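# Results of the structural survey
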Amino acid sequence: MYSPEEELITIVKNAAVDMTASLPCEKIKTLLEMVEERFFHVPLTREEEGVGICAGAALGGRRSAMFVQSSGIGNMVNALLSLMQFYELPLAVFVSQRGIYKEKIAAQFPMGQRLPAILNGAGIPFSVISSPADLIVVAQKLPEVYADSRVHAFLLNPAIWEGSPAQRARQLDQRPIACMIPEQRREVSPPACSRYEIIETIAPYLSGKAVVSNLGWPSKELHAIKHQESNFYMLGSMGMASPIGLGMSISSGKDVVVIDGDGSLLMNPGVLATAAHLAPDNLTILAIDNSSYGSTGSQETLTGSCVDLELVARGFGIGNTLKTSTKEQLTEAMRSGSKGLKFIHALAVPGNRDVPNIPIDHITIKNQVLSFLTT
Ligand SMILES: Cc1ncc(C[n+]2csc(CCOP(=O)(O)OP(=O)(O)O)c2C)c(N)n1
């Protein structure tokens, strides 16, 4: 018996999509369940994080597609523009468009109804899919998304799924509730080095690895200290460093190191939960914590007062965490060669080193990293 969910999944498979990421919408719950079963699938904590993970996955040679609710587009626009479109990376976004058909939740109207205008304003191309007959449009457009390396949204009207024989209720099983009691807080000495000195110290351990460096001064400092073609210099999209590195690590056998910042991690901390869940054995997240937004004038972040990023990582399920405040501890942390997801919380003093801008254009950066990860 015909089911629109089956047809869409076949179309997506035919376009050689090999990874999906989603954050649920009730209107596509059956579709999502089937997507989870049929594809390598990443459950997200926030839609924006998914854009970063899909960007990293694209750099690792994967074709990914996201499944989100229209409200989720509000959480994605900056990453879609300043990461995906900027670096010319492909992403198909299937959007369950709310507020337009038999909508019972008033809060869905503003975002759902204005979605086409928002996408138009943002310069994100989209196709309106109003009925199963329109799925042919997806079949026509989807291969172009990957051939031309661009972003395209498919707005799925809830009417598509009405009367589908595939509709089913998810079986809820009894799940254990995670309970991790962190070790006693360890005393560490105050930080002894700046971000620049930290990158200098870890530089010998970056050779032959893909490195994602946070936007602003961290990228410029890494470029000045140790340029290599496997460095992905972020030039925008704050909060996306760890998602990009996670996407790379699940798409490539190469080791990946992320140089993130405290302000940026606080913007998307949920990625630590997603990383713990996926548990790649080739990812190190180095959070350089200078308790400030160093690139914008060193305004204080909350890691100086109430947030311990190592405990955050542990709380989100990453077991292998280390806190460092000296070059020796940092060297030891980078050297300890055990495979597995690692989170290094490197305490730093604020400040930027006066280094030149990166003289490489963004498309060259992308192509070099793509070539490193896929060959
Ligand atoms: C969404 C968004 N908000 C704000 C900015 C401005 N901005 C660029 S870098 C940065 C600070 C990043 O701080 P952190 O991650 O702690 O790294 P640090 O520069 O201290 O190494 C900010 C606020 C931005 N680029 N994007």
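Just so you know, these numbers come straight off a predicted model, no measurement behind them.

As a structural note, the neighbourhood of the ligand is formed by 20 residues, with Met238, Gly261, Gly263, Ser264 and Gly294 the closest of them. Counting residues per element, the ones that place at least two in the shell around the ligand are α9 (217-225), α11 (262-267) and β11 (292-293). Sorting elements by how many residues they give to the shell around the ligand places α11 first, with 3 residues.

What follows covers the domain arrangement of the protein. Size of an interface: often given as the accessible area lost when the parts come together. Segmenting the protein into domains produces domain 1 (4-161) and domain 2 (195-374). Relative to domain 2, the C-alpha centre of domain 1 lies at a distance of 28 Å. Facing the 24 residues of domain 1 at the interface are 27 residues of domain 2. When residues of the side of domain 1 that touches domain 2 are traced back to their parent elements, those giving at least two are α3 (47-59) and α5 (77-85). Counting residues per element, the side of domain 1 that touches domain 2 draws most heavily on α3, at 9 residues.

With that settled, consider the sheet that holds strand β14 (residues 342-347). Read from one edge of the open sheet, 6 strands run β8-β7-β9-β10-β14-β13, paired in parallel fashion. Bordering the open sheet on either side are β8 (231-233) and β13 (321-324), each of which pairs with just one other strand. Neighbouring strand axes in the sheet, compared pairwise and without regard to direction, differ in orientation by 15 degrees on average.

A word on helix α7 (residues 135-147). For α7, which comprises 13 residues, the first-to-last C-alpha distance of 19 Å matches the rise-based estimate of 18 Å (1.5 Å per residue) to within 8%. Within α7, the axis deviates most sharply at Lys141, by approximately 25 degrees, and proline Pro143 lies no more than four positions further along. Those residues of α7 lying buried are Val138, Leu142 and Val145. Looking at the packing, one finds that the buried side of α7 touches α1 (4-14), β4 (91-96), β5 (126-129) and β6 (151-156). Backbone geometry just after α7 places Ser149 at a positive phi near 50 degrees.

Each pair of packed helices can be described by the angle between their axes along with the distance between the axes. Where helix α8 (residues 195-202) contacts α9, the axes come no closer than 10 Å and their chain directions differ by 45 degrees. As far as their axial angle goes, α9 and α8 are oblique. The handedness of the crossing between α8 and α9 comes out as right-handed. Residues Arg195, Tyr196, Ile199 and Glu200 of α8 pack against Pro218, Glu221, Leu222 and Ile225 of α9. In terms of residue class, the contact of α8 with α9 is built from 5 nonpolar, no polar and 3 charged.

The 6 strands are arranged β2-β1-β3-β4-β6-β5 in an open sheet whose pairing can be described as parallel. Of all strands in the sheet, those with a lone pairing partner are β2 (41-43) and β5, marking the two edges. Adjacent strand axes in the sheet meet at a mean angle of 20 degrees when their direction is disregarded. Bridging between strand β3 (residues 64-69) and β4 involves 5 bridges; their strand directions are parallel. Counted as the bridge partner of Met66 is Val93 from β4. The strands that helix α2 (residues 29-38) touches are β1 (19-22), β2 and β3; relative to β1, the one it contacts most, it runs at about 140 degrees.

Right, let's get into the packing of α1 against α2. Between α1 and α2, the shortest axis-to-axis distance is 10 Å and the interhelical angle comes to 40 degrees. It follows from the interaxial angle that α1 and α2 lie oblique. For the crossing formed where α1 meets α2, the hand is right-handed. For the pair α1 and α2, contact is made by Glu5, Leu8 and Ile9 and by Thr30, Leu31, Met34, Val35 and Arg38, respectively. The residue inventory of the contact of α1 with α2, partitioned by class, reads 5 nonpolar, 1 polar and 2 charged.

Reading the values: rules and limits
- Residues numbered from 1 in each chain as written.
- Predicted model: local features only at pLDDT ≥ 70, side-chain atom pairs only at ≥ 80, totals over all residues.
- Near = placed C-beta within 6 Å.
- Helix = DSSP H or I, 4+ residues; strand = E, 2+ residues; numbered from the N terminus.
- Domains from an automatic or database assignment.
- Contact = placed C-beta atoms within 7 Å.
- Pairing = 2+ DSSP bridges.
- Axes fitted to C-alpha atoms, helices over the stretch in contact; angles between N-to-C directions.
- Expected span 1.5 Å × (residues − 1).
- Bend = angle between axes of the 7 residues up to and from the residue.
- Buried ≥ 20, exposed ≤ 12 C-beta atoms within 10 Å, placed from the backbone.
- Parallel < 35°, antiparallel > 145°, perpendicular 65-115°, else oblique.
- Left-handed = near helix turned anticlockwise from the far one by under 90°.
- Nonpolar A, V, L, I, M, F, W, Y, C, P; charged D, E, K, R; others polar.

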